[in-house]
Amino acid sequence: MSMNTVGRPTRPEGAAGPAGFASLTGGRGLLQDEPLIFELGGWDKTGVDLPEPEADASDLAGLVREDLPLPGLSEPEAVRHYVRLSQKNHAIDLALYPLGSCTMKHNPRLNEKAARLAGFADLHPLQPASTIQGALALMDRLAHWLKTLTGMPAVALSPKAGAHGELCGLLCIKAAHEAAGQGHRRKVLVPTSAHGTNPATAAFVGYAVTEIAQTDDGRVDLADLEAKLGPDVAAIMVTNPNTCGLFERDVLEIARLTHAAGAYFYCDGANFNAIVGRVRPGDLGVDAMHINLHKTFSTPHGGGGPGAGPVVLSEALAPFAPAPWVLSAADGFQLLEEPTGDAAQAFGRLCAFHGQMGMFVRAYAYMLSHGSDGLRQVAEDAVLNANYVKARLSDVMSPAFPDGPCMHEALFDDAWLEGTGVTTLDVAKAMIDEGFHPMTMYFPLVVHGAMLIEPTETESKAELDRFCETLRALAAAARQGQAERFKGAPFLAPLRRLDETLAARRPKLAWRPEPATVAPAPSAAE
Amino acid sequence: MRFTKDHEWVVLEGDTATIGITAYAAEQLGDVVFVETPEVGKTFQAGDAFAVVESVKAASDVYAPIAGEVVEANPELTEAPETVNASPESGGWFAKVRVADPAQYEGLMDRDAYEAFLATL
């Protein structure tokens, strides 16, 4: 036999290293400390070789900047900077990401392949319609699916995220009231468990917000809703399933009461993933609902990419939908930019162009690859997974609403931590040490020390078991008095516990160069 | 000092009421990071939202416990919102209000009643 003579050890002898080992550079192996990008570059270098710009007459008068301290990094320096930063963070591509209300599901790579097709990715929004027929056809098909899945007759595609969609819906409602001589309606009713964006949107549009109480089983209090509805109410904003992970079982009555009072029913569609393919919001009496394409239809979000929040509209609100929209004519598709005639009631526009094309492509790819039966299975598996988590943790944690099943997320309060000295925040931080993104904490506000877990349909039973076993072990540690495991957590993260209070009170919103470290800008004469 | 179920406190001197949030409220909010005090000259009915307090956990409306016109807002809270945590029931006051109806004051809870109410939460 031939002998290995290069002296390469084949067993990891001594791999543990001496006690108290510290590297010579202060780095932690593959996890390097990383400064701000502004601290990496400087005036003395640049990553690209650009020709001198031609002298150009400027009409900026005396407003031309003489200095612009941007970092000058080479391409590998820039790439390494962002890859190192990404290694310090969590991502759905790393592990389970149970952030309740955010639907952090897997983003299939097929979506990415489709979105990178040159016919979609390399378009300019000002190209002639005749050169972008495929893109317009995709928008038209996406609109068809969104309308079909929701049972609604119209959709505005341009809103760029959930809250933007809420704004779109409320502006449609406002326009409809004004067109009907009902502009005096100044109030919007919002349940106490709502996402914070709901009252914020209503206030932004100029409405006064009134809270609707919640019943002991986590639903809208119908008696309170009825008492608060009146001739001054423009709309209600209800999330269904709601932020407690519960289906509003009185939703038909909510819609009936709302319409009887002359108000519109805005549904926050953030939790559509729980019902897609199973329930059509149009059948529930909804007048407007945004659909977070980035949640239900799996486009990257939460630091991974932009959102998209198309809004489906009822017959009553459809005439007020913002421009532009895709029209199908005998000679092809057109993008209607300036509505006239019957369509002239459009309240205006929400953005310069047509919305998030890249997200439209990804969402449509997701729809096509799942099909209608697959989308129904998405909702069923999302609900099944959440109920599995709830069932596996209910004996060691305290479910906020123990009676009956939940929808797509399992909500716990902090009663199970009583007497341990451990808080919800501490549990969240301890989960980081175990390699999981924390659940949503302290939301919804109606549940004390809330922990909101949304596993999504992405996770296998094996992964759900690993997650549940981890939480069960943490619960046991808390009960056994190991508060220090929680109080100091995270121990294994690149950064430990941050001073949230200081960050909120004295935020540093812009990087400023230290005077001594930045060389003066070279003058034009040099 | 009188109290509401929404955890505001009031002290009435003559026709001027000083209003703030209770130590219990400050404790529940956690570290306060921002306070929006009401504008001088604004009038409120009892129960109207009249200030906003934001902590690391949540933003909350503060309700006027008594009707009246704002005559002074606590300038310290703009620069040092942590005063609300350090001294909720004195230095962390939100505003002084010229009250419309002093009888409303008598309708509020005294400390014993408020503490009995807290015990039920």
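Residues numbered from 1 in each chain as written. Chains lettered and ligands numbered in written order. Predicted model: local features only at pLDDT ≥ 70, side-chain atom pairs only at ≥ 80, totals over all residues.

Caption draft 1: Local environment of the domain arrangement of chain A. Residue and element names in this part refer to chain A. According to the domain assignment, chain A contains domain 1 (110-367) and domain 2 (373-495). The C-alpha-based centres of domain 1 and domain 2 are spaced at 30 Å. Taken together, the contact between domain 1 and domain 2 spans 19 residues of the former and 18 residues of the latter. (Domains from an automatic or database assignment. Contact = placed C-beta atoms within 7 Å.)

Caption draft 2: Region of the structure containing helix α9 (residues 251-260) of chain A. All names here are of chain A. Of the residues making up α9, those classed as buried are Val251, Ile254, Ala255 and Thr258. Projection of α9 onto a plane perpendicular to its axis shows the buried side chains occupying an angular sector of 95°, all on one side. Facing away from the buried surface of α9 by more than 90 degrees, the exposed residues are Leu252 and Ala260. Of the surrounding secondary structure, the elements contacted by the buried residues of α9 are α8 (222-228), β4 (233-239) and β5 (264-268). Just past α9, the residue Gly262 takes up positive phi, approximately 80°. (Buried ≥ 20, exposed ≤ 12 C-beta atoms within 10 Å, placed from the backbone. Helix = DSSP H or I, 4+ residues; strand = E, 2+ residues; numbered from the N terminus. Arc of directions from axis to C-beta.)

Caption draft 3: Main features of the packing of helix α5 (residues 133-150) of chain A against helix α11 (residues 357-393) of chain A. All names here are of chain A. The N-to-C vectors of α5 and α11 enclose an angle of 55°; their axes lie 10 Å apart at closest approach. With respect to α11, the element α5 is oriented oblique. When the axes of α5 and α11 are compared, the crossing they make is left-handed. Judged by residue contacts, Ala135, Leu138, Met139, Arg141, Leu142 and Trp145 of α5 engage Met357, Phe360, Val361, Ala363, Tyr364 and Met367 from α11. When grouped by side-chain class, the residues that make up the contact of α5 with α11 number 11 nonpolar, no polar and one charged. (Axes fitted to C-alpha atoms, helices over the stretch in contact; angles between N-to-C directions. Parallel < 35°, antiparallel > 145°, perpendicular 65-115°, else oblique. Left-handed = near helix turned anticlockwise from the far one by under 90°. Nonpolar A, V, L, I, M, F, W, Y, C, P; charged D, E, K, R; others polar.)

Caption draft 4: Main features of the interface of chain B and chain A. Listed per partner, the contact involves six residues of chain B and six residues of chain A. Along the lines of polarity and charge, the residues of the side of chain B that touches chain A split into four nonpolar, no polar and two charged.

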